[in-house]
Every structure is written in C-alpha cells, then in structure tokens.
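Here is what each chain is made of, one letter per residue.
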Amino acid sequence: MAINLATKYSDKIALAFTRASYIKGKVSNAYTFTGVKTLKVYTPVTVEEVDYKRNGLNRYGDPTEMQDIVQEMTMTQDKAFTLTIDKGNNKDQMGIKEAGRMIQQQLREKSTPAADRYAFKKFAMYAGSVMTVSNKPTKSNVVSTIFDMGQAMDDALIPEDNRYLYMTSEMYKLVCTSDEFIAIDKLGEKSISRGVCGEIDGFSVVKVAKGYLPNNCFMLAAHKDSVLMPYKIQDTKIHEDPPGISGNLLEGRHYQHAVQIPQEPVCRGREQQDISA
C-alpha cells in the first residue's frame, strides 16, 4: 500500500463503491443486551391436550408444572479499527482525506460488510431446516426451490408476515430470467417496476452480493422475529493532534453479535456440512 502525494490533480477522492447493511432493519428488536454480555431467553413448553373426564378427580388431566427451554446468547464480536491521517500528508494531498468522510468510508467498506457476513454465517449455521441439493439451483428449478422453502416455513407454523429471503446475485438472476417467474404476471410486473425481485411466495426478496452468504449457501430465509443482530457499542472517534501525532487519529469499536432465536430460519445449501465454511 502507498501514500500518494498529489502534485496537481483533482481534489475529488476516489471512494470505493460499497453499500449499507443488508440485514439491519430486518431482524428482531424484541430483546436487548443492555447491561449484560449474555442474555437468557426462556421459551415455555406447552402440553398435549387430553380428553376431559366428566367424573372423578383431575377431570382436566393430571396437572404438571409448565416446563421451559432456556437459550443463552452471548455477545462475541468485539471489533476495532484505528487510522492516522498525518497533517502534512493531508496538506500535500489537497485535504482529500477529511476525517469524518474517512470514518464513514471505513464503516461502509469494512465494518458493515464484516458484520453482515458474520450474521449470515450464524443464521445459516443454526437454521432450523436445511434443504440440501446435489447441485445448486438452476433457472428451471429455482422458483420451485423458493416455494419449497415457503412450504417448510408454513409447516413450521411461521407467521406469514415479515418473511425475508436472502439470495445471492446469481440466484437473483436465475429467478428473474426463469420461465416460472415470468409466467406469473403479477410477480413479473412487480419485479420490473421495482427493479428487484419484490415478493415471491410471501417472501420479501433481498439480493445479496457475492461473498456475503457462506459457501454453498445459495438462499436463506428467515422471519424477522427469528433472528437478532444486537449492537452494544458503535463508537467512532476523531482525535485532533493527539500526543505523538500531528494530524488526526481515527478510532472505532463495534461490539455486536448475531443469533437465531426460537423461531427458525430456513437455509438452502449444496451440502449441509459445508454451510458454515
């Protein structure tokens, strides 16, 4: 890497193309890790019904204490970054490395993608239903695959609202060029008008760039209330002329996690054992 000193050229810095989080806003906010590192979630366990007895004792059946399942969720991702912008270098580069803009670039290009990739990996690893195939979906069966995922969520009694389907850009292309998809006029029209896949079988479709989903995971479906992506610390700081530095010291820290909660997302991959790769 290099620090290139300008002689006389444009003062417009060439920022790398990037994007905001694919996941934020699409996960549950029903739980909080405020003040704790580990959160325990209790899921009550119901009992099977029995025939009512019209005489004798315990006519409703033998009473038993309600049981529960405890799930522990521990914050694991405590990440940081630091950079310096030397005052002399910045003056010689026509001031293009403005500290606030560089902080935002660091967040967009490194911090946000890393958090998303970690979350997708965790969601895929602990998916309640993993559909495996010998080969990745093709244009001829990709839509049927999505309906299989919807059926799995229906059979698991997952609420029909707030279902999200994350798919690679490769799968997105297959869907949009699939005869099955184009044949459904309403879906096809929505796709063209919105520039995205829109909704398929009740899923809000999110196109994900290559490298975000784990290896051999082509699509991942999750209900909003089944996954968490908590942030406890999101700090960024700009220190002007700190001791030992003539210029700016940039620092950032992100304390976050990603986890599945009792409702279960559905993941489709080529081989189940490779999902977490």
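The rules we used
- Residues numbered from 1 in each chain as written.
- Predicted model: local features only at pLDDT ≥ 70, side-chain atom pairs only at ≥ 80, totals over all residues.
- Heavy atoms only, no water.
- Buried < 20%, exposed > 50% of the residue type's maximum accessible area, 1.4 Å probe, protein only.
- Helix = DSSP H or I, 4+ residues; strand = E, 2+ residues; numbered from the N terminus.
- Pairing = 2+ DSSP bridges.
- pLDDT = per-residue confidence, 0-100.
- Contact = heavy atoms within 4.5 Å.
- Axes fitted to C-alpha atoms, helices over the stretch in contact; angles between N-to-C directions.

Draft legend 1. The arrangement of the pairing of strand E8 (residues 217-223) in detail. Within E8, seven of the seven residues are buried, which leaves the element mostly enclosed by the surrounding structure. Taken together, the five bridges between strand E5 (residues 163-168) and E8 define a ladder with antiparallel strand orientation. Residue pairing for E8: Leu-165 is matched across the bridge by Ala-221.

Draft legend 2. Molecular detail of the confidence of the model for the protein. Counting all residues, the mean pLDDT for the protein is 77, and 78% of those residues have values of 70 or more. Per-residue pLDDT stays below 50 along residues 191-196; that stretch engages in seven contacts with residues further than four places along the chain or on separate chains. Confidence drops under a pLDDT of 50 for residues 271-277, and excluding neighbours within four residues, the segment shows 17 contacts in the predicted structure.

Draft legend 3. Seen up close, the sheet that holds strand E11 (residues 247-256). Here three strands make up an open sheet; going across it, the order is E3-E11-E10 and the pairing antiparallel. Single-partner strands in this sheet number two, and they are strand E3 (77-86) and strand E10 (231-240). Along the sheet, successive strands turn relative to each other by an average axial angle of 5°, direction set aside. In this sheet, E11 lies alongside E3 in antiparallel orientation, the contact comprising 10 bridges. Across the sheet, the residue bridging to Asp-86 is Gly-247, located in E11.

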